[in-house]
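# Residue-level structural notes
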Amino acid sequence: KRPLFGFVSRLDFQKGVDVLLEVLPYLISRGAQVVLLGTGDPRLEHQLRAAGQHPQVASIVEFSGALAKKITAGSDFLLMPSRFEPCGLTQQHALQYGTVPIVHSTGGLRDTVRSFNPWKGTGNGWAFAPLDASTFRRALRYALYAYYNEPQQFRDLQIRGMLEDRGWAGAARKYERLLAHLL
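Residues numbered from 1 in each chain as written. Predicted model: local features only at pLDDT ≥ 70, side-chain atom pairs only at ≥ 80, totals over all residues. Heavy atoms only, no water.

## Quick look at the pattern of salt bridges
One pass over the full model with this rule turns up 6 salt bridges. In this structure, Asp41 engages Arg43 in a salt bridge whose closest nitrogen and oxygen atoms are separated by 2.9 Å. Across the salt bridge formed by Asp165 and Arg173, the nearest N and O atoms sit 3.7 Å from each other. Take Arg173: its relative accessible area is 43%, and that puts it in the partly exposed class. (Salt bridge = Lys/Arg side-chain N within 4 Å of Asp/Glu carboxyl O. Buried < 20%, exposed > 50% of the residue type's maximum accessible area, 1.4 Å probe, protein only.)

## Quick notes on helix H3 (residues 65-74)
Three or more residues of H3 are buried, namely Ala68, Ile71 and Thr72. What you see down the axis of H3 is that its buried residues fit within an arc of 95°, all on one side. Among the exposed residues of H3, those pointing more than 90 degrees away from its buried face are Ala66, Lys69 and Lys70. Where H3 is buried, its residues meet strand S1 (4-8), strand S2 (33-37), strand S3 (57-60), strand S4 (77-80) and helix H4 (90-97). (Helix = DSSP H or I, 4+ residues; strand = E, 2+ residues; numbered from the N terminus. Arc of directions from axis to C-beta. Contact = heavy atoms within 4.5 Å.)

## Looking at helix H2 (residues 42-51)
Residues of H2 that are buried include every one of Leu44, Glu45, Leu48 and Ala51, and no others. Down the axis of H2, the smallest arc covering the buried residues is 120°, so these residues share one side. The outward face of H2, more than 90 degrees from its buried face, is lined by the exposed residues Pro42, Arg43 and His46. At the N-terminal boundary of H2, the capping side chain belongs to Asp41, with an oxygen 2.7 Å from the backbone nitrogen of Arg43. (Polar contact = N/O pair within 3.5 Å; in protein donor to acceptor, adjacent residues only side chain to side chain.)

## Brief notes about the packing of aromatic side chains
The full count for this structure, using the stated rule, is 8 aromatic pairs. Between Phe116 and Trp126, the aromatic rings sit 5.7 Å apart at their centres with planes inclined by 75°, giving edge-to-face as the arrangement. Of this pair, Phe116 sits in the loop between helix H5 (107-112) and strand S6 (126-128) while Trp126 sits in strand S6, and the two are 10 residues apart along the sequence. Across the pair, exposure class does not vary: Phe116 and Trp126 are buried alike. Their ring planes at 10° and their centres at 4.7 Å tell us that Phe128 and Phe136 sit as a pair that is stacked. Take Phe136: its relative accessible area is 0%, and that puts it in the buried class. Connected via pairs of aromatic rings, a cluster forms that spans Phe5, Phe77, Phe116, Trp126, Tyr147, Tyr148 and Phe154. Taking NZ or CZ as reference, Arg83 lies 3.6 Å from the ring centre of Phe13, over its face. (Phe/Tyr/Trp six-rings, centres within 6.5 Å; stacked < 30°, edge-to-face > 60°. Lys NZ or Arg CZ within 6 Å of the ring centre and 35° of its normal.)

## Description of the side chain of Gln56
With respect to the helices, strands and loops of the structure, Gln56 is situated in the loop between H2 and S3. Residue classification places Gln56 among the buried residues on the basis of a relative accessible area of 17%. Separated by 3.2 Å, the side chain of Gln56 and the backbone oxygen of Ile28 make a polar contact. For Gln56, the side chain forms a polar contact with the main-chain oxygen of Ala32, separated by 2.7 Å. Contact partners of Gln56, with chain neighbours within four places excluded, come to Arg2, Ile28, Gly31, Ala32, Gln33 and Val34.

## Focus: the sheet that holds strand S5 (residues 100-104)
With parallel pairing, 6 strands are arranged side by side in an open sheet as S3-S2-S1-S4-S5-S6. Of all strands in the sheet, those with a lone pairing partner are S3 and S6, marking the two edges. Strand-to-strand twist of the sheet, defined as the mean angle between neighbouring strand axes without regard to direction, takes the value 15°. Relative to S6, S5 runs parallel, the two being bridged by 3 bridges. What sits directly across from His104, in S6, is Phe128. (Pairing = 2+ DSSP bridges. Axes fitted to C-alpha atoms, helices over the stretch in contact; angles between N-to-C directions.)

So, in structure tokens, the structure goes:
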């Protein structure tokens, strides 16, 4: 009955952990549960441990591929507020599992996550920009609204993400069309 937000990442300034920690009180105030997994910068590890003192937050400061996969698959939402992300595979894994990504619109995240449009029934998550706590909270507010108030639309959003073609054949067709357009 409560949404579970997952965060699986290296704890580094690039990954936007500072902005995530800034919006954490908002998620808690809305009844969300949050699980955070990662290692890296000792200061961010300390802040993650401190966040885990709240009963709605589980902070795991370690590296575990198996646990990362379970968190990604078992969460309702995956948080990726990266400052830059050249490719990004984690959001693609999340989509395959039906976990809805909420990402900063940059690099590979911008290329793979399209914001949900409830009127058109399109999108596979939420992408926000610029990277700051205010726009991140706005994306979280939309996600929470869909989860709590529009369960069928939320389920359709999950299914849309699971059904997307992530194979090389589709990517090759897009690349071929781009090359044909340029020539």
